Amino acid sequence: MRRRPAASVPFEQMDKGTGKNQQNRLCLLASLSAFFWILLLYFHFVVLGGNTVDESVKLEALSLNTESKTPTLVTDARLTNTPSKTTPLIDASLKNTPSSSSSQKTETFPFMRALRTIENKSDPCGGKYIYVHDLPPRFNEDMLKECRSLSLWTNMCKFTSNAGLGPPLENVEGVFSNTGWYATNQFAVDVIFSNRMKQYECLTNDSSIAAAIFVPFYAGFDIARDHFLVAGRITWDFRRLTDEESDWGNKLLFLPAAKNMSMLVVESSPWNANDFGIPYPTYFHPAKDDDVFTWQERMRNLERKWLFSFAGAPRPDNPKSIRGQIIDQCKKSKVGKLLECDFGESKCHSPSSIMQMFQSSLFCLQPQGDSYTRRSAFDSMLAGCIPVFFHPGSAYTQYTWHLPKNYTTFSVFIPEDDIRKRNVSIEEVLSKIPPEQVKIMREKVISLIPGLIYADPRSELETLKDAFDVAVQAVIDKVTRLRRNLIEGRTEYDNFVEENSWKYELLDEGQRKVGAHEWDPFFSKPKDGNSDSGGSSAEAAKNSWKNEQRDQS
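Now for a quick tour of the structure. (Residues numbered from 1 in each chain as written. Predicted model: local features only at pLDDT ≥ 70, side-chain atom pairs only at ≥ 80, totals over all residues. Heavy atoms only, no water.)

1. Some remarks on the pattern of salt bridges
Proximity of charged atoms lets side chains of opposite charge pair with each other.
Move 1: Inspection of the entire model under this criterion finds 19 salt bridges.
Move 2: The shortest N-O distance in the salt bridge between Arg 300 and Glu 297 comes to 3.1 Å. Taken as a pair, Arg 300 and Glu 297 lie in helix 5 (residues 289-300) at a separation of three residues, close to a single helical turn.
Move 3: Owing to a relative accessible area of 29%, Arg 300 belongs among the partly exposed residues under this scheme.
Move 4: With its nearest N and O atoms 3.1 Å apart, the salt bridge here joins Glu 416 to Arg 420. Of this pair, Glu 416 and Arg 420 are both found in helix 9 (residues 416-420), four residues apart, which corresponds to roughly one turn of the helix. (Salt bridge = Lys/Arg side-chain N within 4 Å of Asp/Glu carboxyl O. Helix = DSSP H or I, 4+ residues; strand = E, 2+ residues; numbered from the N terminus. Buried < 20%, exposed > 50% of the residue type's maximum accessible area, 1.4 Å probe, protein only.)

So this is what it looks like as structure tokens:
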């Protein structure tokens, strides 16, 4: 089609057309102006005045302070596209409730719907709903597809099998029970938590009623790169102090976005408020309650011929380590058993050998590993062996959700300096504990087993709460307290000092202040200006990396 030349259009016609267009534009502007004012009035009187519970809450819209503990756990991103097992039941009386002038300020908090679900007694999930963020698969599922490259030293594919539990363990020596035992990697919490979340009975697709938000990122398998979520390894792996990419770990927990999230890690920092310790995975992942009850009864009836035992290697490069003295005492004692973890092939890499020794011992020595904690503590308690700790950071200030605050009920504490400087005899200390007291302590340890293990994610326990259940409830409780404090205009603690984070976790309910503590010398922080433990944390991460490399060499 030929386009008519502009010169062929008479000037008069162009002028008439321009006048019509101006009138049309004026009408359009008037209509838009009227529509704008109608919309503004509707929003002011209807939305702000009457809508009290139907606002949709986005994670990014939450305004939280530095004490916030919004949960960061791991799960499958596809869950957000799947209907919830339990349909949210919201009390009809909560809807269309007129707002009074006194309540309008309260209603500005985006989590009010979530808090109101607690009041709905007809809803079994009231106050327990969990919303799972829909992340791209590169943050979770795609990582597992690249399992051969997840570790520099090990093919992780076998450890990510069976929903993260690893390959089944054969019960050749009769050390395990017949089912539920797997060669689980100690840093596989990410995948296990993810798959356990699929069994959580109160998932929701409505974030506005969620008691907490789960973020499905397998950070434990992405330790070498900087991202914005975390779970699965020791805290120091996420607190790199340098900008050198060649250094181990990343700076994840120093990122501003991470400050208002709760990071669940197998070892937390005593000086930071945004991470919490959860148990290392053991080898036992029961599918039903009876598997746990049977195991507990078996641990009660075992004959234990060793007074104490230790499985581990010396740390000659660490002058503060007491492992050398512990190994010497084990070798000299007639009632002590040592499973020495030397370089190369070692029985320490055999779950059967480790569990057999723990099952034969009354007490199991648990000095610091490459950092404060070690998986061995949980393996020993699973075997009904009473743990002996030498530093409060190895358990007492770490796993406050999963272990009793009165540590004397389930463990023995011998300060490191008693071994390092005073050459105290471990055998002598343990021998003085009356047999009846030992029996009571062992029973306490055995009773803790359900809450220290991760159940098989492909099944569901009937009545028992495992480590996953305990952690989820603790996070929900923490977030709920925070929300209520925000409404009331108060903080959880008086004059909160983040450097004393470990002390706050030891407070009883209702206590709001911390002061001097008998464990202060254990947590005296280097004055290096960093919001961390300075060189000690960097050294812990590097040592963890070196020994992980050594174990696979």
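2. Here we look at the environment of Ala 163
Move 1: Residue placement: Ala 163 occurs in the loop between helix 3 (141-145) and helix 4 (189-197).
Move 2: For the pair formed by Ala 163 and Pro 457, sequence separation is 294 residues and the distance between their alpha carbons is 6.6 Å.
Move 3: Setting aside its immediate chain neighbours within four residues, Ala 163 contacts Val 191, Ile 192, Asn 195, Pro 457 and Arg 458. (Contact = heavy atoms within 4.5 Å.)

3. Topic: the packing of aromatic side chains
Each aromatic ring pair is specified by the distance between its two centres and by the angle formed by the two planes.
Move 1: Applying the stated criterion across every chain yields a total of 24 aromatic pairs.
Move 2: On the basis of an interplanar angle of 20° and a centroid distance of 5.7 Å, the ring pair of Tyr 396 and Trp 519 is categorised as stacked. Of the two residues, Tyr 396 sits in the loop between strand 10 (386-389) and strand 11 (412-413) while Trp 519 sits in the loop between helix 13 (501-504) and helix 14 (535-551), which places them 123 residues apart along the sequence.
Move 3: Among the residues examined, Trp 519 registers a relative accessible area of 4% and is labelled buried.
Move 4: Residues Tyr 407 and Phe 413 carry aromatic rings whose centres are separated by 6.1 Å and whose planes lie at 80° to one another, so their mutual orientation is edge-to-face.
Move 5: In this structure an aromatic cluster arises from ring pairing among Phe 389, Tyr 396, Tyr 407, Phe 410, Phe 413, Trp 519 and Phe 522. (Phe/Tyr/Trp six-rings, centres within 6.5 Å; stacked < 30°, edge-to-face > 60°.)

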